[in-house]
Amino acid sequence: MRPRARRSGGLVVLVVFVVLSTSAVSSVSVVDVTPGNLFDSGPAAPDGVEEARDVGLVSVGIEEDRLWPFTSRAKSFDTLTLPINLVVKGDPARVRSLLVYSQDARWDETTESWKEAAGEQASSEAGGAVWGPATGADRYTYVDTEGPGGRWVDESMQLHDGTYFGSRVHLRLYGVGSRNASWTAIQAHRDYWDWFRLRHTVTSLAGPQHAVERDLMDQPAVVDVRRERYGNGGVFDADGWVTVAELAPPQLASDTSVEDQAVESELAADAERDDTSDAGVFSVGTGTTHRLTSIALFAFVVAGVGGILATSVDGNDIDAVVERLERSPVADDRFQRSVALFLALIAVPLVVRAAALALEGIAPNHPKVIAGLLYPVFVFAPPYLALRIPNDAATERWFSLAFLGYGIGLVADFAFVGVSVVPIDLVLHRFVLLVSLGLLAVVGARRAATTESTTVALPAAVGLWVVLLLWPLLLGV
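Predicted model, so just to flag it, every value in this text is computed and none were measured.

A.B. asks: In this structure, what is going on with the overall build of the protein chain? I would like to understand it.
C.D. replies: Counting secondary structure elements, the protein chain contains 13 helices and 16 strands. The proportion of buried residues among the 477 residues of the protein chain is 41%. In the protein chain, once contacts between residues fewer than 6 apart in sequence are set aside, the share between residues at least 24 apart is 65%.

Structure (structure tokens):
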């Protein structure tokens, strides 16, 4: 290796070390940076009463129940994740019914259980969120009630508005108490699926809190909505003020209230499906119809213009155009490979994201299977393209194309899921990752165009890529 190349390699290694060190230090202040499924051996035992006295508990409910206004990865105060930002003085079944169906649930004295109302989901066009069942990691919170005393509780249910592999507003509901003195703590946040971390990354707490707050204020069963100071701010954009909503006294379920509503809803849905089947094989929404119509019109215009040109242009002119194209840089193999590398690296993050969303629509209850199928593509496709496509010694060009192409793809993926602000440690990690991909492209170019040995450079570049992929998995960057 020439001295200049040796100095350049040493400089790259030094820059990588400094950036990774800075990233590690800056990530220490981030909440929930360690994946529970990597280091936790299982749910920890509940903390003792002495430890519960050391944390701040707030009074909730008419029975003076107390709540630790945070969630935790395990049954321990040491694994705090996110603050509770809503409390509804009502049973989780009633809260879910209000959010999902915009109707109040009822108490059935016969079965001594809550019966959710059946009906249409709230329309997003009317200003409300469309809440549906969600999946996510288990999180716990600590409550101290008059009867059972202090204990850790798991979430009663999870809801979300959005997609698992895209961006969503995610709710965890924790039900506490009996029928006459029940209340529900809600942890609401916005997150997106991060392929580098193989889990969701939280981006906001205040926005989702306001969204749920607005949905509750629109419900007739909600008699009061106010803000109370819980002092659990300081995480992301949480300010420590929790939304507290009170529900009207529950109504008893009549003999025909719930079951008949469910039957009528099913009959209406069947009738709607029958009407749809008469109209055609399948039906799409208005927005989708407009988009398909626009695409069809665009294709029609392109086909029409192409047909006119094909019939009006002389054959000799076409041959001349083809000959000029063959002599132009566009026909050059190096140019074609450069464009292919640039566009392919832009497409990798977007194609993986789109494929995950499509598979989620087909199998919404198997997110781990989907992630397991697509993660190898996300990991191996960029280095494979960077090593295989370059074919000449213009290493600077290949480095730039790999760096810019994959960088644009990552930025476009952020835009696709609606992420506009990212922390500095994430920016530093992605920058070093782009540098490592550029180095892989340089190694690929030298292997194809020269006889120079890459027995050291190739393992070093691949090793750097692997380390940078493991970094966010292990440290949560």
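Moving on from the coordinates now.
A.B. asks: Just checking my understanding: could you explain the confidence of the model for the protein chain for this structure?
C.D. replies: Predicted coordinates in regions of low pLDDT should not be interpreted in detail. Looking at the protein chain as a whole, its pLDDT mean stands at 76, while 64% of the residues score no less than 70. Every residue in residues 1–49 scores below 50 in pLDDT, and together they form 53 contacts with partners more than four places removed in sequence or on other chains. Low confidence marks residues 121–126, where pLDDT is under 50. Its contacts with residues over four positions away, or in another chain, come to 11 contacts.

A.B. asks: When you look at empty space enclosed by the protein in this model, what are you seeing that I'm missing?
C.D. replies: Where empty space is left can be seen by rolling a probe of water-molecule size over the atoms. On inspection of all chains with the given rule, the structure shows 1 cavity of 30 Å³ or more. A volume near 100 Å³ is recorded for the largest cavity. Surrounding the largest cavity, Tyr192, Asp194, Trp195, Phe196, Pro349, Arg353, Phe378, Leu410, Asp413, Phe414 and Arg430 form its lining. Breaking the lining of the largest cavity down by element, the ones donating at least two residues are β13 (183–194), α9 (333–362) and α11 (395–416). It is α11 that contributes the most residues to the lining of the largest cavity, 3 residues altogether. Two domains each provide a minimum of three residues to the lining of the largest cavity, namely domain 1 (53–112 + 136–247) and domain 2 (330–476).

A.B. asks: Looking at this model, I keep getting lost on the packing of α9 against helix α10 (residues 367–388). Mind explaining?
C.D. replies: In helix packing, the relevant descriptors are the interaxial angle and the interaxial distance, both defined with respect to the helix axes. Following both chains from N to C, one finds α9 and α10 inclined at 180°, their axes separated by 10 Å at the closest point. The orientation of α9 relative to α10 falls into the category roughly antiparallel. Along the contact surface, α9 presents Arg337, Leu341, Ala344, Leu345, Val348, Val352, Ala355, Ala356, Leu359 and Glu360, while α10 presents Ile370, Leu374, Val377, Phe378, Ala381, Pro382, Leu385, Ala386 and Arg388. Of the residues in the contact of α9 with α10, the class split is 16 nonpolar, no polar and 3 charged.

A.B. asks: What am I meant to see in the pattern of salt bridges here?
C.D. replies: All chains considered together, the criterion is met by 10 salt bridges. Members of the salt-bridge network, linked through shared partners, are Lys89, Asp224, Arg226, Glu228 and Glu246.

A.B. asks: Where do I start with the pairing of strand β10 (residues 149–154) in this structure?
C.D. replies: Regular strands place their side chains on alternate faces of the sheet. Bridge count for strand β9 (residues 140–145) against β10 is 6 bridges, and the pairing is antiparallel. Across the sheet, Tyr142 pairs through a bridge with Trp152, a residue of β10. The turn joining β9 and β10, which pair antiparallel and follow one another in sequence, is formed by 3 residues.

A.B. asks: Looking at this structure, I do not really get the side chain of Ser338. What am I missing?
C.D. replies: Its place among the elements puts Ser338 in helix α9. Overall, the relative accessible area of 10% leaves Ser338 in the buried class. If sequence neighbours within four positions are ignored, Ser338 has contacts with Arg397, Trp398 and Leu401.

A.B. asks: Is there a simple way to think about the packing of aromatic side chains in this case?
C.D. replies: Aromatic rings in a pair are described by how distant their centres are and how their planes are angled relative to each other. Throughout the structure, instances matching the rule amount to 17 aromatic pairs. Residues Phe77 and Trp152 carry aromatic rings whose centres are separated by 4.9 Å and whose planes lie at 50° to one another, so their mutual orientation is tilted. Taken as a pair, Phe77 in the loop between β3 (70–72) and β4 (80–83) and Trp152 in strand β10 lie far apart in primary sequence, 75 residues in all. The pair formed by Phe77 and Trp152 is uniform in burial state, with each residue classed as buried. On the basis of an interplanar angle of 55° and a centroid distance of 6.3 Å, the ring pair of Tyr406 and Trp465 is categorised as tilted. Taken as a pair, Tyr406 in helix α11 and Trp465 in helix α13 (residues 457–475) lie far apart in primary sequence, 59 residues in all.

A.B. asks: Is there a simple way to explain the pairing of β9 in this structure?
C.D. replies: A large share of β9 lies buried, amounting to 5 of its 6 residues. Across 2 bridges, strand β2 (residues 65–67) lies against β9 in antiparallel orientation. From the neighbouring strand, Leu67 faces β9, where its bridge partner is Val143.

A.B. asks: Just to check I follow, could you spell out the nonpolar core for this structure?
C.D. replies: A general tendency of soluble globular proteins is for nonpolar side chains to be buried together. Ranked by internal contacts, the top residues of the largest apolar core, which has 39 residues, are Phe165, Trp195, Tyr406, Leu437 and Trp465. At the level of secondary structure, the elements contributing two or more residues to this core comprise α9, α10, α11, α12 (424–449) and α13. Among the elements that line this core, the one with the most residues is α10, at 9 residues. Inspection of this core shows a minimum of three residues originating in each of domain 1 (53–112 + 136–247) and domain 2 (330–476). Ignoring anything within four residues of it in the chain, the contact list for Trp195 reads Phe165, Val352, Arg353, Ala356, Ala371, Leu374, Tyr375 and Phe378.

A.B. asks: Hey, could you run me through unusual backbone geometry in this one?
C.D. replies: Generally, phi is negative for residues other than glycine and the peptide bonds are trans, each holding for most cases. With phi around 55°, Leu198 is a residue other than glycine that occupies positive phi space. Counting through the fold element by element, Leu198 comes out in the loop between β13 and β14 (199–204). We classify Leu198 as partly exposed; its relative accessible area is 30%. Of note, Phe236 is a non-glycine position whose phi angle comes to about 55°, a positive value. Following the sequence through the fold, Phe236 ends up in the loop between β15 (222–229) and β16 (241–247).

A.B. asks: I keep staring at the environment of Val421 and nothing clicks. Help me out?
C.D. replies: Considering the arrangement of structural elements, one finds Val421 in the loop between α11 and α12. Considered as a pair, Val421 and Thr203 are 218 residues apart in the sequence and their alpha carbons are 8.3 Å apart.

A.B. asks: Please clarify how the packing of α9 against α11 should be interpreted in this entry.
C.D. replies: Look at α9 against α11: their axes get within 9 Å of each other, and the N-to-C directions meet at 25°. Considered as vectors, α9 and α11 are oriented roughly parallel to each other. The two elements α9 and α11 cross, and the hand of that crossing is right-handed. Residue composition of the contact of α9 with α11, by class: 16 nonpolar, 3 polar and 5 charged.

How each quantity is defined
Residues numbered from 1 in each chain as written. Predicted model: local features only at pLDDT ≥ 70, side-chain atom pairs only at ≥ 80, totals over all residues. Heavy atoms only, no water. Helix = DSSP H or I, 4+ residues; strand = E, 2+ residues; numbered from the N terminus. Buried < 20%, exposed > 50% of the residue type's maximum accessible area, 1.4 Å probe, protein only. Contact = heavy atoms within 4.5 Å. pLDDT = per-residue confidence, 0-100. 1 Å grid on protein atoms, 1.4 Å probe; cavity = no way out; pocket = protein on both sides within 12 Å on 5 of 7 lines; lining within 4 Å. Points joined across faces, edges and corners; volume = space filled by probe spheres on them. Domains from an automatic or database assignment. Axes fitted to C-alpha atoms, helices over the stretch in contact; angles between N-to-C directions. Parallel < 35°, antiparallel > 145°, perpendicular 65-115°, else oblique. Nonpolar A, V, L, I, M, F, W, Y, C, P; charged D, E, K, R; others polar. Salt bridge = Lys/Arg side-chain N within 4 Å of Asp/Glu carboxyl O. Pairing = 2+ DSSP bridges. Phe/Tyr/Trp six-rings, centres within 6.5 Å; stacked < 30°, edge-to-face > 60°. Core = buried A, V, L, I, M, F, W, Y, C linked by side-chain atoms within 4.5 Å. Left-handed = near helix turned anticlockwise from the far one by under 90°.

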